[in-house]
Amino acid sequence: MNTPLASAAQKTIFITGATAGIGRATARLFAEKGWYVGLAARSADKLEELENELGAAKCSGHVVDVTDAEQVNQALQAFGENTGGRLDVLVNNAGVLHAGDFEDMPTHQHHSIIDTNIKGVIHCMQSAFPLLKNTPDSHVINMSSASAMYGSPTLATYSASKFAVRALTEALNVEWARHGITVTDIMPPFVDTEMLDNPVRSRIKAISLLGVQLSAEDVAQSVWNAIASRQLHDRVTPSFRLLALMQKHAPDSIQRRFVKFLSGY
Ligand SMILES: NC(=O)c1ccc[n+]([C@@H]2O[C@H](COP(=O)([O-])OP(=O)(O)OC[C@H]3O[C@@H](n4cnc5c(N)ncnc54)[C@H](OP(=O)(O)O)[C@@H]3O)[C@@H](O)[C@H]2O)c1
(Lines give C-alpha, C1' and ligand atoms only; values in the text may rest on other atoms or scores of the structure.)
Protein backbone atom coordinates (compact mmCIF):
# COMPACT_ATOMS: atom_id res chain seq x y z
CA MET A 1 0.00 0.00 0.00
CA ASN A 2 1.22 3.56 -0.79
CA THR A 3 1.99 6.01 2.02
CA PRO A 4 -1.42 7.28 3.23
CA LEU A 5 -2.25 10.91 2.47
CA ALA A 6 -4.22 11.28 5.69
CA SER A 7 -1.99 11.59 8.77
CA ALA A 8 -2.34 8.95 11.49
CA ALA A 9 -3.74 11.64 13.80
CA GLN A 10 -6.46 12.69 11.36
CA LYS A 11 -9.98 11.29 11.66
CA THR A 12 -11.46 10.28 8.31
CA ILE A 13 -14.89 10.86 6.77
CA PHE A 14 -16.34 9.99 3.34
CA ILE A 15 -19.30 12.12 2.21
CA THR A 16 -21.48 11.40 -0.83
CA GLY A 17 -23.20 14.33 -2.50
CA ALA A 18 -20.37 16.57 -1.31
CA THR A 19 -20.54 19.16 -4.11
CA ALA A 20 -23.65 21.02 -2.97
CA GLY A 21 -26.03 21.77 -0.11
CA ILE A 22 -25.80 19.66 3.05
CA GLY A 23 -22.91 17.51 1.79
CA ARG A 24 -20.72 20.50 0.93
CA ALA A 25 -21.49 22.23 4.24
CA THR A 26 -20.61 19.00 6.07
CA ALA A 27 -17.34 18.64 4.13
CA ARG A 28 -16.37 22.21 4.99
CA LEU A 29 -17.20 21.74 8.68
CA PHE A 30 -15.23 18.50 9.08
CA ALA A 31 -12.23 19.86 7.12
CA GLU A 32 -12.26 22.91 9.41
CA LYS A 33 -12.17 20.53 12.40
CA GLY A 34 -9.04 18.88 10.97
CA TRP A 35 -10.61 15.72 9.53
CA TYR A 36 -9.48 14.12 6.26
CA VAL A 37 -12.54 14.28 4.01
CA GLY A 38 -13.44 12.06 1.03
CA LEU A 39 -15.65 14.06 -1.32
CA ALA A 40 -17.90 12.08 -3.68
CA ALA A 41 -20.27 13.30 -6.38
CA ARG A 42 -20.77 13.11 -10.16
CA SER A 43 -19.63 16.60 -11.11
CA ALA A 44 -15.83 16.64 -11.60
CA ASP A 45 -15.71 20.45 -11.90
CA LYS A 46 -17.48 21.08 -8.63
CA LEU A 47 -15.35 18.45 -6.88
CA GLU A 48 -12.17 20.13 -8.10
CA GLU A 49 -13.44 23.51 -6.91
CA LEU A 50 -14.10 22.13 -3.42
CA GLU A 51 -10.78 20.25 -3.31
CA ASN A 52 -8.99 23.52 -4.13
CA GLU A 53 -10.96 25.34 -1.45
CA LEU A 54 -10.28 22.76 1.30
CA GLY A 55 -6.67 21.96 0.30
CA ALA A 56 -5.04 18.67 -0.72
CA ALA A 57 -3.90 17.82 2.83
CA LYS A 58 -7.51 17.78 3.99
CA CYS A 59 -9.39 15.97 1.26
CA SER A 60 -9.58 13.79 -1.81
CA GLY A 61 -12.21 14.10 -4.53
CA HIS A 62 -13.89 11.06 -6.09
CA VAL A 63 -16.01 11.32 -9.21
CA VAL A 64 -18.69 8.75 -8.58
CA ASP A 65 -22.30 8.08 -9.42
CA VAL A 66 -23.71 6.26 -6.37
CA THR A 67 -26.20 4.40 -8.57
CA ASP A 68 -23.24 2.47 -10.03
CA ALA A 69 -21.96 -0.16 -7.56
CA GLU A 70 -18.63 -0.59 -9.36
CA GLN A 71 -17.86 3.14 -9.33
CA VAL A 72 -18.69 3.31 -5.63
CA ASN A 73 -16.43 0.36 -4.90
CA GLN A 74 -13.52 1.90 -6.77
CA ALA A 75 -13.98 5.25 -5.04
CA LEU A 76 -13.99 3.70 -1.56
CA GLN A 77 -10.95 1.58 -2.39
CA ALA A 78 -9.09 4.69 -3.55
CA PHE A 79 -10.17 6.52 -0.40
CA GLY A 80 -8.98 3.58 1.73
CA GLU A 81 -5.55 3.83 0.09
CA ASN A 82 -5.43 7.51 1.03
CA THR A 83 -6.25 6.77 4.67
CA GLY A 84 -4.28 3.58 5.33
CA GLY A 85 -7.46 1.51 5.37
CA ARG A 86 -9.37 3.70 7.83
CA LEU A 87 -12.88 5.19 7.63
CA ASP A 88 -14.23 6.70 10.84
CA VAL A 89 -17.46 8.09 9.39
CA LEU A 90 -19.43 7.41 6.21
CA VAL A 91 -22.11 10.00 5.41
CA ASN A 92 -24.65 8.69 2.91
CA ASN A 93 -25.96 12.05 1.82
CA ALA A 94 -26.28 11.99 -2.00
CA GLY A 95 -29.92 12.21 -2.93
CA VAL A 96 -32.39 13.44 -5.52
CA LEU A 97 -35.94 14.70 -5.17
CA HIS A 98 -38.74 14.95 -7.72
CA ALA A 99 -42.12 16.27 -6.61
CA GLY A 100 -45.61 16.24 -8.04
CA ASP A 101 -48.83 14.27 -8.25
CA PHE A 102 -47.74 10.62 -8.40
CA GLU A 103 -49.48 9.84 -11.70
CA ASP A 104 -47.97 12.88 -13.45
CA MET A 105 -44.38 12.01 -12.70
CA PRO A 106 -42.57 10.11 -15.48
CA THR A 107 -41.33 6.62 -14.63
CA HIS A 108 -37.70 7.67 -15.02
CA GLN A 109 -38.11 10.16 -12.15
CA HIS A 110 -39.52 7.49 -9.84
CA HIS A 111 -36.61 5.23 -10.83
CA SER A 112 -33.99 7.93 -10.35
CA ILE A 113 -35.17 8.49 -6.76
CA ILE A 114 -35.03 4.77 -5.96
CA ASP A 115 -31.67 4.27 -7.71
CA THR A 116 -29.96 7.19 -6.00
CA ASN A 117 -31.60 7.37 -2.58
CA ILE A 118 -31.88 3.63 -1.86
CA LYS A 119 -29.54 1.69 -4.11
CA GLY A 120 -26.88 4.40 -3.71
CA VAL A 121 -26.95 3.99 0.07
CA ILE A 122 -26.77 0.19 -0.22
CA HIS A 123 -23.78 0.40 -2.59
CA CYS A 124 -21.90 2.75 -0.26
CA MET A 125 -22.61 0.68 2.85
CA GLN A 126 -21.47 -2.52 1.09
CA SER A 127 -18.26 -1.01 -0.29
CA ALA A 128 -17.40 0.90 2.89
CA PHE A 129 -17.93 -2.11 5.16
CA PRO A 130 -14.32 -3.44 5.13
CA LEU A 131 -12.94 0.03 5.96
CA LEU A 132 -15.56 0.64 8.65
CA LYS A 133 -14.92 -2.78 10.21
CA ASN A 134 -11.19 -2.06 10.20
CA THR A 135 -11.68 1.24 12.08
CA PRO A 136 -12.47 1.19 15.81
CA ASP A 137 -15.73 2.89 16.81
CA SER A 138 -16.73 3.74 13.22
CA HIS A 139 -20.06 5.33 12.31
CA VAL A 140 -22.45 5.50 9.34
CA ILE A 141 -24.70 8.56 9.20
CA ASN A 142 -27.52 8.29 6.67
CA MET A 143 -29.43 11.31 5.41
CA SER A 144 -33.07 10.35 5.75
CA SER A 145 -35.76 13.04 6.00
CA ALA A 146 -38.83 14.17 7.93
CA SER A 147 -40.74 12.61 5.01
CA ALA A 148 -39.87 9.24 6.59
CA MET A 149 -42.28 9.98 9.46
CA TYR A 150 -45.51 9.59 7.44
CA GLY A 151 -45.94 8.91 3.69
CA SER A 152 -45.79 12.37 2.13
CA PRO A 153 -48.26 13.35 -0.62
CA THR A 154 -46.55 15.13 -3.59
CA LEU A 155 -43.38 13.30 -2.53
CA ALA A 156 -44.68 9.71 -2.47
CA THR A 157 -41.67 7.97 -4.02
CA TYR A 158 -39.13 10.30 -2.39
CA SER A 159 -40.82 9.70 0.95
CA ALA A 160 -40.77 5.92 0.31
CA SER A 161 -37.03 6.14 -0.41
CA LYS A 162 -36.42 7.91 2.89
CA PHE A 163 -38.49 5.29 4.76
CA ALA A 164 -36.13 2.74 3.17
CA VAL A 165 -33.11 4.69 4.44
CA ARG A 166 -34.69 4.76 7.89
CA ALA A 167 -35.27 0.98 7.75
CA LEU A 168 -31.68 0.31 6.64
CA THR A 169 -30.49 2.49 9.52
CA GLU A 170 -32.60 0.73 12.15
CA ALA A 171 -31.72 -2.76 10.89
CA LEU A 172 -27.98 -2.15 10.51
CA ASN A 173 -27.83 -0.27 13.82
CA VAL A 174 -28.61 -3.67 15.34
CA GLU A 175 -26.70 -5.89 12.84
CA TRP A 176 -23.45 -3.94 12.68
CA ALA A 177 -23.10 -3.34 16.43
CA ARG A 178 -21.31 -6.70 16.52
CA HIS A 179 -18.65 -5.24 14.20
CA GLY A 180 -18.23 -2.09 16.31
CA ILE A 181 -20.02 0.06 13.68
CA THR A 182 -22.77 2.48 14.76
CA VAL A 183 -25.46 3.32 12.16
CA THR A 184 -27.72 6.33 12.71
CA ASP A 185 -29.70 8.77 10.58
CA ILE A 186 -30.74 12.40 10.36
CA MET A 187 -34.33 13.26 9.48
CA PRO A 188 -34.44 16.98 8.69
CA PRO A 189 -37.53 18.84 7.53
CA PHE A 190 -37.08 21.28 4.59
CA VAL A 191 -33.55 22.66 4.15
CA ASP A 192 -32.64 25.69 2.03
CA THR A 193 -30.57 24.03 -0.73
CA GLU A 194 -30.69 23.65 -4.51
CA MET A 195 -32.79 20.52 -4.00
CA LEU A 196 -35.75 22.79 -3.25
CA ASP A 197 -35.16 25.17 -6.16
CA ASN A 198 -38.24 25.91 -8.27
CA PRO A 199 -40.29 24.21 -9.65
CA VAL A 200 -39.93 21.75 -6.71
CA ARG A 201 -40.53 24.45 -4.10
CA SER A 202 -43.75 25.67 -5.69
CA ARG A 203 -45.09 22.10 -6.04
CA ILE A 204 -44.76 21.25 -2.32
CA LYS A 205 -47.67 22.91 -0.58
CA ALA A 206 -46.34 22.05 2.89
CA ILE A 207 -43.46 24.50 2.31
CA SER A 208 -45.84 27.46 2.21
CA LEU A 209 -47.30 26.34 5.56
CA LEU A 210 -44.14 25.21 7.37
CA GLY A 211 -41.56 27.39 5.64
CA VAL A 212 -37.92 26.42 5.16
CA GLN A 213 -36.30 26.96 8.56
CA LEU A 214 -32.99 25.12 8.15
CA SER A 215 -29.76 25.96 6.33
CA ALA A 216 -27.31 23.37 5.00
CA GLU A 217 -24.92 24.50 7.77
CA ASP A 218 -27.55 23.67 10.45
CA VAL A 219 -27.77 20.10 9.17
CA ALA A 220 -23.96 19.83 8.90
CA GLN A 221 -23.87 20.74 12.59
CA SER A 222 -26.34 17.88 13.27
CA VAL A 223 -23.95 15.51 11.49
CA TRP A 224 -21.15 16.78 13.73
CA ASN A 225 -23.32 16.37 16.85
CA ALA A 226 -24.32 12.84 15.78
CA ILE A 227 -20.70 11.69 16.18
CA ALA A 228 -20.94 12.24 19.93
CA SER A 229 -24.64 11.54 20.51
CA ARG A 230 -24.98 8.35 18.41
CA GLN A 231 -28.74 8.98 18.54
CA LEU A 232 -30.61 6.53 16.27
CA HIS A 233 -32.79 9.23 14.63
CA ASP A 234 -32.04 12.95 14.83
CA ARG A 235 -35.05 15.03 13.80
CA VAL A 236 -32.96 18.21 13.94
CA THR A 237 -35.57 20.79 15.03
CA PRO A 238 -37.48 21.00 18.35
CA SER A 239 -40.83 21.13 16.51
CA PHE A 240 -40.17 17.90 14.60
CA ARG A 241 -38.89 16.20 17.80
CA LEU A 242 -42.23 17.15 19.37
CA LEU A 243 -44.16 15.93 16.31
CA ALA A 244 -42.38 12.55 16.50
CA LEU A 245 -43.35 12.27 20.15
CA MET A 246 -46.98 13.15 19.41
CA GLN A 247 -47.03 10.70 16.47
CA LYS A 248 -46.37 7.82 18.85
CA HIS A 249 -49.69 8.51 20.58
CA ALA A 250 -51.88 9.81 17.73
CA PRO A 251 -54.27 7.40 15.97
CA ASP A 252 -53.72 6.88 12.21
CA SER A 253 -56.92 8.80 11.36
CA ILE A 254 -55.61 11.95 13.10
CA GLN A 255 -52.18 11.62 11.48
CA ARG A 256 -53.82 11.23 8.06
CA ARG A 257 -55.97 14.33 8.58
CA PHE A 258 -52.93 16.37 9.65
CA VAL A 259 -50.89 15.24 6.62
CA LYS A 260 -53.84 15.90 4.27
CA PHE A 261 -54.08 19.44 5.64
CA LEU A 262 -50.32 20.06 5.36
CA SER A 263 -50.09 18.77 1.80
CA GLY A 264 -53.17 20.59 0.55
CA TYR A 265 -54.97 17.58 -0.96
N1 LIG B 1 -33.04 19.95 1.06
C2 LIG B 1 -33.97 19.42 1.85
O3 LIG B 1 -35.02 20.01 2.10
C4 LIG B 1 -33.73 18.06 2.48
C5 LIG B 1 -34.53 17.70 3.60
C6 LIG B 1 -34.33 16.45 4.17
C7 LIG B 1 -33.38 15.59 3.67
N8 LIG B 1 -32.61 15.96 2.60
C9 LIG B 1 -31.64 15.01 2.08
O10 LIG B 1 -30.35 15.51 2.28
C11 LIG B 1 -29.47 15.03 1.26
C12 LIG B 1 -28.74 16.19 0.61
O13 LIG B 1 -29.70 17.07 0.07
P14 LIG B 1 -29.36 18.56 -0.40
O15 LIG B 1 -30.59 19.34 -0.12
O16 LIG B 1 -28.06 19.00 0.11
O17 LIG B 1 -29.31 18.29 -1.99
P18 LIG B 1 -28.58 19.09 -3.17
O19 LIG B 1 -28.23 20.47 -2.75
O20 LIG B 1 -29.44 18.88 -4.35
O21 LIG B 1 -27.23 18.25 -3.35
C22 LIG B 1 -27.29 16.91 -3.74
C23 LIG B 1 -25.87 16.35 -3.82
O24 LIG B 1 -25.97 14.97 -4.20
C25 LIG B 1 -25.13 14.73 -5.33
N26 LIG B 1 -25.72 13.64 -6.11
C27 LIG B 1 -26.96 13.57 -6.66
N28 LIG B 1 -27.11 12.41 -7.32
C29 LIG B 1 -25.94 11.74 -7.17
C30 LIG B 1 -25.47 10.48 -7.63
N31 LIG B 1 -26.22 9.67 -8.39
N32 LIG B 1 -24.22 10.10 -7.31
C33 LIG B 1 -23.42 10.90 -6.56
N34 LIG B 1 -23.80 12.10 -6.08
C35 LIG B 1 -25.05 12.51 -6.41
C36 LIG B 1 -25.06 16.08 -6.06
O37 LIG B 1 -23.86 16.23 -6.78
P38 LIG B 1 -23.68 15.89 -8.36
O39 LIG B 1 -24.87 16.46 -9.06
O40 LIG B 1 -22.36 16.55 -8.69
O41 LIG B 1 -23.59 14.41 -8.42
C42 LIG B 1 -25.02 17.03 -4.86
O43 LIG B 1 -23.69 17.11 -4.38
C44 LIG B 1 -30.34 14.23 0.29
O45 LIG B 1 -30.26 12.86 0.58
C46 LIG B 1 -31.73 14.77 0.59
O47 LIG B 1 -32.72 13.82 0.24
C48 LIG B 1 -32.76 17.18 2.00
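Residues numbered from 1 in each chain as written. Predicted model: local features only at pLDDT ≥ 70, side-chain atom pairs only at ≥ 80, totals over all residues. Heavy atoms only, no water.

**Focus: helix α3 (residues 69-83)**
For step 1, the next point in the chain: Between its terminal C-alpha atoms α3 stretches 21 Å, which fits the 21 Å expected from 15 residues at 1.5 Å a residue.
For step 2, the next point in the chain: Those residues of α3 lying buried are Val72, Ala75, Leu76, Phe79, Gly80, Asn82 and Thr83. Buried residues along α3 cover an arc of 155° about the axis, so they all sit on one side.
For step 3, the next point in the chain: Check the buried side of α3 and you find it contacts β1 (12-16), β2 (36-41), β3 (59-63) and α4 (107-133).
For step 4, the next point in the chain: Here α3 starts with a cap whose side-chain oxygen sits 3.0 Å from the backbone nitrogen of Glu70, and that cap is Asp68.
For step 5, the next point in the chain: Count one or two residues on from α3 and you reach Gly84, which has phi positive near 70°. (Helix = DSSP H or I, 4+ residues; strand = E, 2+ residues; numbered from the N terminus. Expected span 1.5 Å × (residues − 1). Buried < 20%, exposed > 50% of the residue type's maximum accessible area, 1.4 Å probe, protein only. Arc of directions from axis to C-beta. Contact = heavy atoms within 4.5 Å. Polar contact = N/O pair within 3.5 Å; in protein donor to acceptor, adjacent residues only side chain to side chain.)

**A look at the site of the ligand**
For step 1, the next point in the chain: The environment of the ligand is formed by 31 residues, the closest being Thr19, Arg42, Tyr158, Val191 and Thr193.
For step 2, the next point in the chain: When isolated, the ligand has an accessible area of 890 Å², and the protein chains bury 92% of it. (Near = heavy atom within 4 Å. Areas by Shrake-Rupley, 256 points an atom, 1.4 Å probe, with all protein chains shown as cover.)

**Concerning the side chain of Thr135**
For step 1, the next point in the chain: Among the structural elements, Thr135 can be located in the loop between α4 and β5 (138-143).
For step 2, the next point in the chain: Among the polar contacts made by the side chain of Thr135, one reaches the main-chain amide nitrogen of Leu87 at a distance of 2.8 Å.

**Some words on the side chain of Ser263**
For step 1, the next point in the chain: Among the secondary structure elements, Ser263 is positioned in helix α10 (residues 252-263).
For step 2, the next point in the chain: Taking the relative accessible area as the measure of exposure, Ser263 reaches 6% and is therefore buried.

**Overview of the nonpolar core**
For step 1, the next point in the chain: In this structure, Ile13, Val37 and Leu39 are the most contacted members of the largest nonpolar core, which totals 31 residues.
For step 2, the next point in the chain: At the level of secondary structure, the elements contributing two or more residues to this core comprise β1, α1 (21-32), β2, α2 (44-54), β4 (89-92), β5 and α8 (216-229).
For step 3, the next point in the chain: Counting 25 residues, the second-largest nonpolar core is a separate cluster that includes Ala40, Val72, Phe79 and Leu87. (Core = buried A, V, L, I, M, F, W, Y, C linked by side-chain atoms within 4.5 Å.)

**Here's the deal with the pattern of salt bridges**
Close approach of charged atoms allows side chains of opposite charge to pair.
For step 1, the next point in the chain: Summed over all chains, the structure comprises seven salt bridges.
For step 2, the next point in the chain: With a shortest N-O distance of 3.1 Å, Lys119 and Asp115 are connected by a salt bridge. Linking Lys119 with Asp115, this pair stays in helix α4, spanning four residues, or about one helical turn.
For step 3, the next point in the chain: For Lys119, a relative accessible area of 40% gives the class partly exposed.
For step 4, the next point in the chain: Ionic pairing is found between Arg166 and Glu170, a salt bridge with its closest N-O pair at 3.1 Å. With a gap of four residues between them, Arg166 and Glu170 both fall in helix α5 (residues 156-175), about one helical turn apart.
For step 5, the next point in the chain: Under the relative-accessibility criterion, Glu170 is labelled partly exposed at 31%. (Salt bridge = Lys/Arg side-chain N within 4 Å of Asp/Glu carboxyl O.)

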